[in-house]
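An overview of the molecular structure
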Amino acid sequence: MSRMRDIRTRPLSVSADWNKSLEEYKVVSVYRRTVNLEDTDGRRCTLITEQEDFSSRTALVESLPVAEEGSFVSVAAEDAKIGYNPSLQAAGICKKWRPLILEWQSFLADDDLAVLADVWDGVNWRPLVGLGPGLTPAGDDFIYGRLAAHMRLFEDDDSVVSDFRRDYRRGSTSKLAEGFYDDLLARKIWKRGRALLDALAANDAQRVLDAVKCLIDWGHSSGRAWLAGFAFGAGEVL
Amino acid sequence: MSLRILKEGPKVINFGIEAFYEDQKKQGVPSVHVDWKPPMMNASLMEKLRKLQQGGKKKI
Amino acid sequence: MQRIEIIRSSYYDSVTLMLVAKELNKLAGVTSSSLVMGTEANYNILASGGFDVDGIDATPNDLIIAVMGEDESVLDGALKTAKEYIASPPWKKEMSAGDYRPKSLDGALAVQKDSNIAVISVAGRYAGDLAMDCIGKGLNVMLFSDNVPLEKEIELKRTASEKGLLVMGPDCGTVIIRGKALGFANACPVGPVGIVAAAGTGLQEVHVQLARRGVGTLHGIGTGGRDVKAEVGGITTLTAVKELLSDDEIETLVVVGKPPAKEVEDKILDLVKRSGKPSVFGFIGGQTRCDEPPVYICSELEETACVAAALAKGEDPAMARSDLKAKEQGLKNRAEEIGRRKGYIRGLFSGGTLCYEAQLVLANHGIDTWSNAPFSKEKKLENSLKPVAHSIIDYGEDEFTQGRLHPMMDLTFRCERLLAEASDPEVSVVLFDVVLGYGCNPDPASLLADAVTASRGRSGDRIAYVASICGFDDDPQDFEKQKKILESAGVAVCESNAQASRLAAFLLAR
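Residues numbered from 1 in each chain as written. Chains lettered and ligands numbered in written order. Predicted model: local features only at pLDDT ≥ 70, side-chain atom pairs only at ≥ 80, totals over all residues.

Moving on, we come to the packing of helix H8 (residues 200-212) of chain C against helix H11 (residues 301-313) of chain C. Residue and element names in this part refer to chain C. The geometry of H8 relative to H11 is characterised by a closest axis approach of 8 Å and an angle of 45° between their N-to-C directions. Overall, the two elements H8 and H11 adopt an arrangement that is oblique. Relative to H11, H8 is oriented so that their crossing is right-handed. Packed against H8, whose contacting residues are Gly202, Glu205, Val206, Gln209 and Leu210, the element H11 presents Leu301, Glu302, Thr304, Ala305, Ala308 and Ala309 at the interface. (Axes fitted to C-alpha atoms, helices over the stretch in contact; angles between N-to-C directions. Helix = DSSP H or I, 4+ residues; strand = E, 2+ residues; numbered from the N terminus. Parallel < 35°, antiparallel > 145°, perpendicular 65-115°, else oblique. Left-handed = near helix turned anticlockwise from the far one by under 90°. Contact = placed C-beta atoms within 7 Å.)

Written out as structure tokens, the structure reads:
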């Protein structure tokens, strides 16, 4: 396979966990506003063009390199600023937000998420893994949201998180989605989710509504599924 | 008894006609519009969600 | 041919239904369409629109989709489109995703903790319970919804009263608090007047007439039409009157609406006299009481505003009244210019109090009218869709508003009726109100002017059209522009509802 080392991109900023010493990445998938790469350790890294799309191992570029899946690109990040810290700190959620947060459980009533509503029994996440619509299956988005709520409340794994950590079987969902599980269990969160947590912590109503809108607008169903899972998780611990 | 709202001015929660909410905003009235649906909508699904919510709290 | 389909146990807001109907009517081959909830009143409206409603078993919780068109394939297509539009309205794509809207009262309170009033305009059968929840959370309530049972209204007002809260409504269309308009209301200046009104357009007309005389209003408290009846006992009216009498920002109090039950009226007058604050009562159609300065009693809306304005400006109310009375000669002259004529008058109103006042003015000029909301029971129309002789119809009444938008927002039905009146060879005068302000249709004058022009196509010069505009310069619709549009269509526009009704009376030769 030819290595097209002459496709080189210099990010404007990177997430705090971007490995600046690595330079060569294989292009895995190309989308309208992001490109997913794989580093030499086989981990997903992503090039983005919009700030809101920051997550773990993410680099913000001016414009996406024109490269095909399977080709190679060089990402020179040595001078890039840190644009986002994906670390998920436990901080609690003020109880006053509970009624608003619980509303998001009703996204499960949306037609495209009915498949999740059919299997979710309030406890057992197993049937949701890899289930449903979306490039990352909506069931996984739901579980990310639920786990994020628990991890926000407690520094150490509570029973829900440790139950997942113990019983998740590798290969039950897409590689991409599984990678997000790995990141989350390493206490890393995407910016959209982080924005909501920060807004709740700041008790800033408008920021909360803006953050919710940003999540709802994400993908086709991913954002709503995440919010629904977050709402169930929060309902369990608040 | 004094109606404080007459001194404070209205701070609205708006249910129903969204145009009223838009007009409130145009006048600078603090307002939140509720995307309200009657209780019977998706009754069985909502009931299920309600039970899940209660059940979840017990399980932890 | 027609097709009718029923969607069971559904809820769609009136705006969606109206917009879907409009979209359907644009489809080729569709001659008419209607999307309404299966209430008895709506069955009648469908029937009057030419649909055959025999054998339909829709309940008030079901949605009826009725389409008339050229052939089967047109109807199939239209029904399919209707269901698609309802499930996913095409116009929503143009609208941005928009802010997240909380779905619950508690969610909304989490967002805006210091909320102090709920404005409720959901369907009547749900509104009462929702209002009770809001009172439970310490909110005042503006209950725009109608079709709320009387017992519920009493329960709401008693509960609210115990908590020091106000329930304005049901069927309260207009509230003004510190000059901010809630519901249907006009953009008028703020000033030292406080108004307590049993009905929306009563408040609006006084608010607007005060503004035209350079006097602003600080608060306009709507009480709903039934508050002053004996069963409710004037709970909201009395609370509002007490508040405004003791409020040092209010220099003149106005109380307006249909005459209250005697015991309620006595209580109000007692409060007012004891406070000594200049007050004007506009009990439209009430017994003529005498003024007892600083308390003045009027029987028409413009007169009420005129006297209140004089008091607020420190002028002589008697002079103000006689200046107003002097305008009658001008109206008589105008009637001669337009041409007096034999025949019947038909009134098409969107405002309940304006409709009521029109009937009273006409009665004072010897013209007895039928109505669906008559001031005397014997003159109640058997069928609101079939006016007889002299008839004045309130299109905001319950039978027309179940699952439909208020006529101040959607003029379709009233314009259709205006056209229908032109076909009646005995009708010679048509009288209507045009209400501007927040919440109202963005361009009512154009819609009505088009209907008038189309009607003239049928009636030639037989019918004289008379209207008043309840509006003010700063209203979103542009008052002057609305006036010009109506006048260009040959409508005689008057300064107030009372004057328009008077002109109409003078036009009818007897």
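What follows picks up the thread again.
So, on to the domain arrangement of chain C. Taken domain by domain, chain C consists of domain 1 (2-94), domain 2 (100-170), domain 3 (174-315) and domain 4 (328-507). A C-alpha centroid distance of 34 Å is found between domain 2 of chain C and domain 4 of chain C. (Domains from an automatic or database assignment.)

A separate point is the sheet that holds strand E5 (residues 140-143) of chain C. In space, the five strands of this open sheet follow the order E2(B)-E1(B)-E4(C)-E5(C)-E6(C), with parallel pairing throughout. Each edge of the open sheet is held by one strand with a lone partner, namely strand E2 (31-34) of chain B together with strand E6 (167-168) of chain C. Sheet topology places strand E4 (residues 117-120) of chain C next to E5(C); four bridges connect them, and they run parallel. Bridging from a neighbouring strand, C:Ala118 pairs with C:Val141 of E5(C). Contacting strand E1 (12-15) and E2 of chain B together with E4 of chain C, helix H2 (residues 18-26) of chain B crosses the sheet at an angle of about 165° to E2(B). With respect to the sheet, helix H6 (residues 124-136) of chain C is in contact with E1 of chain B together with E4, E5 and E6 of chain C, its orientation differing from that of E5(C) by roughly 160°. (Pairing = 2+ DSSP bridges.)

We now examine unusual backbone geometry. Residue and element names in this part refer to chain C. A cis geometry characterises the amide bond from Gly169 onward to Pro170, with omega recorded as 0°. In this fold, Pro170 is placed in the loop between E6 and strand E7 (174-177). Geometrically, the link from Pro293 to Pro294 is a cis peptide bond, its omega value of 10° lying close to zero. As for its position among the elements, Pro294 is in the loop between strand E12 (279-283) and strand E13 (295-298). A positive phi angle, close to 45°, is found at Ala389, a residue other than glycine. With respect to the secondary-structure elements, Ala389 resides in the loop between strand E15 (370-371) and strand E16 (391-394). We note that Asp478 has phi near 70°; this positive angle belongs to a residue other than glycine. Relative to the assigned elements, Asp478 resides in the loop between strand E18 (464-470) and helix H17 (479-488).

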